[in-house]
Amino acid sequence: MQLFTKIGLVLATVLALAASPSLAAAKPKPVAATVSSRALTAGAVASPDRYGALAAEEILRKGGNAVDAAVATAFALAVTYPEAGNLGGGGFMTLYVDGKPYFLDYRETAPAAATVGMYLDAKGEAVAARSQFGNLAVATPGTVRGMAMAHKRFGKLSWAQVLAPAIRYAREGFLVTPQLIGNLEDAQASFVGVTNFDARFGGLKAGAVFRQPELAATLQRIAKGGDAEFYTGKTADLLVAQMARGGEKGLITKADLAAYKAVWREPIQADWRGFKVITAPPPSSGGIALLQLLMMKQEAAPLFSGVALNSPQYVHLVAEMEKRVFADRAEYLGDPDFWKVPVSNLIDPAYVARRAREIDPAKPSPTPSVKPGLEKPQTTHFSIVDRWGNAVSNTYTLNGWFGSGVVVEGAGFLLNDEMDDFSAKPGAPNMFGVVGGDANAVAPGKRPLSSMTPTILTRDGKVAMVIGTPGGSRIFTSVFQVLANIYDYGLPLDQAQKQRRFHHQLLPENVIFSEPYEPFPAALTKALEARGYRIEMGFVGDIEAIQVIDGAPVPAADPRARGVGKVVP
């Protein structure tokens, strides 16, 4: 599936949608204790679309905290950002609440009937379409349970209150943007004859009001019955029934849904340039990779001395770092419940320093020589802070645009194609061209490796930055570049967002991916080609970030897409 998006104008008009009286009457939970020394001048949100931002604003103005607003935004995007916002997917949430870091893993899991060779043909070759489109591509969803667990632990408002904006958008409709139509057109051809996608989204036009009564009913059931309704109630029945429709049958059973668990894990933390970086642990590869890149660049500071941002030498040096990070990713990273991941070794300063010394400052290191160093796409992201200084960085996904293309009939939501994030076989690339090994092989109940990197930076116990992006394997390289733009090159957040971004991932050999938003100029392409690189168009990111400066939040949505940043007094 194509990773490109067609950048459209954000429509400024918003429907005036009335709140549901039955939901508005719900009683809020008692207010949790707050830490006044971390208080901000306002709350803020950076969301991938206007409606997600409005949902967060509504909840923050009602006295909800960052977690309430995050849950509301997640459910709202399941309605208005169907290419990646979801009920039928999963993701990661990094939190900073009352001065303490947390991480919630609500990544999808392989069904109990999944097997190692399920995506191989008779010759033992991987068949990409089987893991990307249709019922067999779907892993057991985690989003609804993840949102419920976060809300139960930290939310202030009632569950019904935080779902109210999403229910409104589904029932009354939202204005369809040109960018949504562009993404839909890019994805549609892959689903023809394989899924029921066209029956739901075919004929949708920019500027139309899109109402989704089946999805509204599903959200109302979840608002009333909680996450149990999704995993054991009518919605679960509808999802399982969908697995038997169409061509190839899906694997998810009611037992798979009932057994699904989201997991609280210890976030990865490391010191960098006076900040505490709080980021995603396995089964994300993103947190480890981000820290390796930040630390490796710091270690290789003499090589970067006097090097202009995004100059040929800068692009080359970053590509050399990325090459080594992806070699480690393929070898060592997987679901920590199934595979021992050497986290501390991979971010050990001495190890990162050794990897930095391997950088060839003049030319690309030959790919076969770049080995794992230890001894023997699509997603969406939003960032939120509240006035008490709490923060949520959330990345969740259907994987490819619109996931598997399978819509749950009678429930109105799309299902993921997350099984493609497993390694179909060692060395076989997934839709993002990333290879893996036994650490990320398919197994029942296992979570596929991810690149999602929801990240929070703190200084002296106070939130300084909340950041993340979609983009498959491009996620952590994009987050790294924006952080380097801000803290190494001194750019304001909005300007850091606008700089061109690029990506290298070991394979294809010596290929650097550029982006349509800010293509490489001819001189840069020529200089890199002279060093042995090949330049290909390869991705569009959507960094949604909030920087806190002197206690004031400064949100910035990526200009590449239809995101919105809002300060909420």
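Here, every reference points to the structure presented above.
Thresholds applied
- Residues numbered from 1 in each chain as written.
- Predicted model: local features only at pLDDT ≥ 70, side-chain atom pairs only at ≥ 80, totals over all residues.
- Heavy atoms only, no water.
- Helix = DSSP H or I, 4+ residues; strand = E, 2+ residues; numbered from the N terminus.
- Rg over C-alpha atoms; globule rule 2.2 N^0.38 Å.
- Buried < 20%, exposed > 50% of the residue type's maximum accessible area, 1.4 Å probe, protein only.
- Areas by Shrake-Rupley, 256 points an atom, 1.4 Å probe, with all protein chains shown as cover.
- Lys, Arg positive; Asp, Glu negative; His and termini not counted.
- Charge placed at Lys NZ, Arg CZ, Asp CG, Glu CD.
- Polar contact = N/O pair within 3.5 Å; in protein donor to acceptor, adjacent residues only side chain to side chain.
- Contact = heavy atoms within 4.5 Å.
- Phe/Tyr/Trp six-rings, centres within 6.5 Å; stacked < 30°, edge-to-face > 60°.

## Overview of the overall build of the chain
Next up, step 1: Tallying secondary structure elements over the chain gives 20 helices and 17 strands in all.
Next up, step 2: Taken over the C-alpha trace, the chain has a radius of gyration of 22 Å; the compact-globule value for 569 residues is 25 Å, and the two agree within 12%.
Next up, step 3: Counting only C-alpha atoms and orienting by the principal axes, one finds that the chain spans roughly 65 × 60 × 45 Å.
Next up, step 4: When each of the 569 residues of the chain is scored for burial, the buried share is 64%.
Next up, step 5: Total accessible area computed for the chain in this model is approximately 19,000 Å², and 56% of it derives from carbon and sulfur atoms.
Next up, step 6: Between the centroid of the 57 positive side chains of the chain and the centroid of its 52 negative side chains there is a distance of 4 Å.

## Some details on the side chain of arginine 500
Next up, step 1: With respect to the secondary-structure elements, arginine 500 resides in the loop between α19 (493-498) and β13 (511-514).
Next up, step 2: Overall, arginine 500 belongs to the buried group, its relative accessible area being 17%.
Next up, step 3: One polar contact links arginine 500 to glutamate 518, side chain to side chain, over a distance of 3.3 Å.
Next up, step 4: Engagement of the side chain of arginine 500 in a polar contact is seen with the backbone oxygen of proline 519, the distance being 3.3 Å.
Next up, step 5: Discounting residues that sit within four places of it in the chain, arginine 500 has contacts with Asn310, Gln481, Glu515, Glu518, Pro519, Phe520, Pro521, Leu524 and Arg560.

## Section: the packing of aromatic side chains
Next up, step 1: Evaluated as defined, the whole model comprises 25 aromatic pairs.
Next up, step 2: Taking the centre distance of 5.6 Å and the plane angle of 85° together, the rings of phenylalanine 75 and tryptophan 159 count as edge-to-face. Placement of phenylalanine 75 in helix α3 (residues 66-80) and of tryptophan 159 in helix α6 (residues 159-172) is noted, with a sequence separation of 84 residues between them.
Next up, step 3: Look at phenylalanine 75 and you get buried, because its relative accessible area is 1%.
Next up, step 4: Of the residues examined, tryptophan 159 reaches a relative accessible area of 13% and is grouped as buried.
Next up, step 5: Site record: aromatic cluster; members linked through ring pairs are Tyr51, Phe133, Tyr169, Phe174, Phe191, Phe197, Phe201, Phe210 and Phe402.

## Some remarks on the side chain of serine 311
Next up, step 1: Here serine 311 lies in the loop between α14 (301-304) and α15 (312-332).
Next up, step 2: A distance of 2.8 Å separates a polar side-chain atom of serine 311 from the backbone oxygen of alanine 308.

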